[in-house]
Structures are given as C-alpha cells and as structure tokens.
Amino acid sequence: MALLAHAMLGLLLGSGIAAAAAEDAAPIVVQVSDPRAFGHLVGDVLTRTIVLDVPNRLTLDDASVPTAGRIGHSFELRRVAQSWRPTLAGRRHTLVLDYQVFRAPSEPVVLDLPSFTLRFDGQPRGEELRIDFAPVGITPLAPLEAPLRAGLGTLRPDVPALHIDTGPEQWRLGLYAVLALLPLAHLAMVYLGWPWWRRRQRPFARARRRLQGVPIAGPAGEWLDAWRALHAALDATASRVLHAGAVDRFVAERPAYAGVRGEMLQFFERSERFFFGGQVPLEADRLWLREFCRRCFDIERGLA
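Notes on the structure in this doc start here.

1. Notes on the overall build of the protein
Argument step 1. A count of helices and strands for the protein gives seven helices and ten strands.
Argument step 2. Burial status across the protein gives 28% buried among its 304 residues.
Argument step 3. Roughly 19,900 Å² of accessible area belongs to the protein as shown, and the carbon and sulfur atoms make up 61% of that amount.

2. Description of unusual backbone geometry
Argument step 1. Even without being a glycine, Ser239 presents a positive backbone phi close to 65°.
Argument step 2. Position of Ser239 among the secondary structure elements: in the loop between helix H4 (220-238) and helix H5 (247-253).

3. Remarks on the packing of aromatic side chains
Argument step 1. On inspection of all chains with the given rule, the structure shows eight aromatic pairs.
Argument step 2. Here Trp227 and Trp288 contribute two aromatic rings whose centre-to-centre distance is 6.4 Å and whose plane-to-plane angle is 25°, an arrangement assigned as stacked. You can see Trp227 sitting in helix H4 and its partner Trp288 sitting in helix H7 (residues 283-300), a full 61 residues away along the chain.
Argument step 3. On the basis of relative accessible area, Trp227 is assigned to the buried category, the value being 0%.
Argument step 4. Overall, the relative accessible area of 15% leaves Trp288 in the buried class.
Argument step 5. For the ring pair Phe250 and Tyr257, a centre distance of 5.3 Å and an interplane angle of 50° mean the geometry is tilted. Assigned by exposure class, Phe250 and Tyr257 land together as buried.
Argument step 6. Three or more aromatic residues link up through ring pairs in this structure, and these residues are Trp227, Phe267, Phe268, Phe274, Trp288 and Phe292.

Rules used throughout
Counting of residues starts from 1 at the beginning of each chain's written sequence and follows it residue by residue. Residues qualify for local features only when their pLDDT is at least 70, as the model is predicted, and side-chain atom pairs are given and counted only at 80 or more; totals for whole chains, interfaces and linings, by contrast, use all residues. Only hydrogens and water are set aside when side-chain values are computed; all heavy atoms of the structure are taken into account. Under the scheme used here, helices are H or I runs from DSSP no shorter than 4 residues and strands are E runs no shorter than 2 residues, and both carry numbers assigned from the N terminus. Three labels apply to residues, based on accessible area from a 1.4 Å probe with only protein chains included: buried if under 20% of the type maximum, exposed if over 50%, partly exposed otherwise in between. Under the convention used here, a 1.4 Å probe and the Shrake-Rupley method define accessible areas, while residue burial counts only the protein chains that appear. Think of it this way: a Phe, Tyr or Trp ring, Trp meaning its six-membered ring, pairs with another when their centres are within 6.5 Å, and the plane angle makes it stacked under 30 degrees, edge-to-face over 60, tilted otherwise.

Here's what the structure looks like:
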C-alpha cells in the first residue's frame, strides 16, 4: 500500500509540473480584423480590431499601445479603445483603432495602415508581438477629366432658378405688418396725435391761425372778424363772456395772464371804438392785435 501511495503522489506532482510548464509555454493568440482593402475615399474612417488572448504569465504594457494623432500625410488615428476581460487561461484584450483617411489622390492608390509592436511584461522574460500593416485602396473623389459625353466635359451654363410664386407670402407679410402697425398707430395717436390736435384746438391757437390768415392791408371787415375771433378766445378761456369790468376777476382766477392785464383793457377799449364808435382798425391797431394774440398764445401753452 505504501508503494502505491508513493506512486500516486509522484504522478500528481508530475502532472502539476507538466501543467505549469505547459502554461509557461502558452503563446499569445492574436486575431486581427482589418477594414476591406478597396473602395475608400478621403474622410472615411477605417477600423482595425485586434483581439489578444494573453496567458497569465504576461501583462500588456499600455505604453506600447498606439496613441491618437496624425500619421504622416495619409491617416490620422482618431480613437483608441482598449478593454479586457479574464479568461480561463489568462486575459482577453480587445483594441479598437479608428483611422481617418486624409489623403485625396488623383488616381487610385494602395496605402498601408501602419504596423506596430505590442510589448508584454512577464517572468522569467517579457515578449513582443508585431501587428503587421494592413493595405487599403484609396480612390479619388472624381477623375481628373470629366467624361466626354453630352452634358459633361465642358463647362455648362448655370441652371436658372425655379420661379416661385411669392404672392401669398407677400400678402401674408403685408397683413402681419398692418397688424403690427395698428398698436403703434394707436400709441402715436394717443401720445402724439391727440395732444397735438388738442393744442391746436385751444382758444388762442385758433385765434392766432385766424389772424395769420388776414393780411395787414386786408379789408377792414376781415380785421373786425379777426377781432371777434380774439373776443371768442378770451370768452372760451374765461368760460364766460369777458368784458373790461371782469378783467381783474379773470386775472385773479388765472394768474398766468396777469402780465397782459393792461393789454386786455386796451383790447376792450379799442373794441368799443371799432364796433360802437364807427372807427376802423388802422395798420398800427392790426399789428398790435397780432402781438397781443401772440402773447396770449404763449401764455396758453405755458411759454410765458
């Protein structure tokens, strides 16, 4: 029995040593999936996928993995994606490299996606694995010369623009413009038009326009009508019929007109002569009436 036990123990130890030796001798298994070798254009993105089955005794050196950047005048490594997962015998690494084509040849060419070497650290020694280049065919976007067919080859005239009926759009824009202007017109009327119209309808403003329309050398009848217009302005301002005896009361109620009190008394005195004394307004009287009306107009609008 003792001999049998020793024999079995020796067999187990031998198999363990053999398994360890086999694991130490296990190689790196690589699978490379390259893009198709033809029909690429400038701007295309070409993807290389590299799958590595690495035994436990080795560890990938990340510094040996290619980094993103420009590669000569033909390619740029845009993205490097690296991942791994454990397996029964070690690790499975997956590298995804995206190359973008930057070369635009004038005729078909074959270019090589660059090769590189991956390093693996391990005991008793490390290893290196070369990933070979991958040929890809790049074709031009267009031939150097256009084919000599009808409509091609020579410079063609510009295609006329299609006629588009913009009538409905113009009508709609016009309607929108009118609708937008209505509030503005209302505001202009409320804050500009209506105050302006009200100022023009003030008593002395109307009387002044009436006086300005009568020439200095005009008929006496027109000047008597102008005189009556100024009487009407004074009555409207006082809200009653105004005469010489009510001037002081008027000035007391409206102190702004105190500066023309004496001229008011002169106005009524001259009116007495013209309307009841038979006299006619002379040129001096007419000039005086215009000046008196102007002063009352300035007081009415707050400028005096």
